[in-house]
Amino acid sequence: MKYVALVYYQERLIEAMSEREWHDLNQECIAGVERLSEQGHFVAGQALQPTGSATSVRVRDGEVLVSDGPFAETKEQLAGFYLLEARDLNEALRLAGRIPPARLGTIEVRPVRDLPPKDETGETP
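Residues numbered from 1 in each chain as written. Predicted model: local features only at pLDDT ≥ 70, side-chain atom pairs only at ≥ 80, totals over all residues. Heavy atoms only, no water.

- Naming follows an unreviewed UniProt entry, where the protein chain appears as Dehydrogenase of Halomonas salina.

Structure follows, in structure tokens:
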């Protein structure tokens, strides 16, 4: 079963790190991905640029609205994600607990929901 592990932390903590601390954290993440890959748990993942680079899109009454910044102002910001393969939620939680930025913030774990197959008839049930 697939689970996404969303990595959240306060960007100000990262901004306060020295270049060496930031480098070391990134190296820990790389080593963690290698370990997860070797164990067959890592499916995909990416780090995200800071929220200052975010743009949000909404559609209201048929109009596309674009605004600078993240979807919501929060205490912790979404920094990246890991897509994991795990037997069950308990294993996914154990794996998420080994993601290095968990020390700085929160790792939100959610099961992936598969979409239903495409309706080839085009009819709505």
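Focus: empty space enclosed by the protein
Phase 1: Going through the model one piece at a time under the given rule, you end up with one cavity of 30 Å³ or more.
Phase 2: As a volume, the largest cavity reaches approximately 70 Å³.
Phase 3: Lining the largest cavity are Cys29, Gly32, Val33, Arg35, Leu36, Gln39, Tyr82, Leu95, Arg98, Ile99 and Pro100.
Phase 4: A class-by-class count of the residues in the lining of the largest cavity yields seven nonpolar, two polar and two charged. (1 Å grid on protein atoms, 1.4 Å probe; cavity = no way out; pocket = protein on both sides within 12 Å on 5 of 7 lines; lining within 4 Å. Points joined across faces, edges and corners; volume = space filled by probe spheres on them. Nonpolar A, V, L, I, M, F, W, Y, C, P; charged D, E, K, R; others polar.)

Considerations on the packing of aromatic side chains
Phase 1: A complete count under the given rule lists one aromatic pair for this structure.
Phase 2: Their ring planes at 85° and their centres at 6.2 Å tell us that Phe42 and Tyr82 sit as a pair that is edge-to-face. Of this pair, Phe42 sits in strand 2 (residues 42–47) while Tyr82 sits in strand 5 (residues 77–85); the two residues are 40 residues apart in sequence, bridging distant segments of the chain.
Phase 3: Look at Tyr82 and you get buried, because its relative accessible area is 9%. (Phe/Tyr/Trp six-rings, centres within 6.5 Å; stacked < 30°, edge-to-face > 60°. Helix = DSSP H or I, 4+ residues; strand = E, 2+ residues; numbered from the N terminus. Buried < 20%, exposed > 50% of the residue type's maximum accessible area, 1.4 Å probe, protein only.)

Considerations on the pattern of salt bridges
Phase 1: Inspection of the entire model under this criterion finds six salt bridges.
Phase 2: With a closest N to O distance of 3.1 Å, Glu91 and Arg87 form a salt bridge.
Phase 3: Exposure remark for Glu91: the relative accessible area of 5% places this residue in the buried category.
Phase 4: Here the salt bridges share partners, and the residues they tie into one network are Arg87, Glu91 and Arg94. (Salt bridge = Lys/Arg side-chain N within 4 Å of Asp/Glu carboxyl O.)

Examining the environment of Trp22
Phase 1: Structurally, Trp22 is set in helix 2 (residues 19–38).
Phase 2: The class for Trp22 is partly exposed, based on a relative accessible area of 35%.
Phase 3: Each C-alpha atom of the pair Trp22 and Leu6 lies 19 Å from the other, and the pair is 16 residues apart in sequence.
Phase 4: When residues no more than four places from it in sequence are discounted, the contact partners of Trp22 are Tyr9, Ile14 and Met17. (Contact = heavy atoms within 4.5 Å.)

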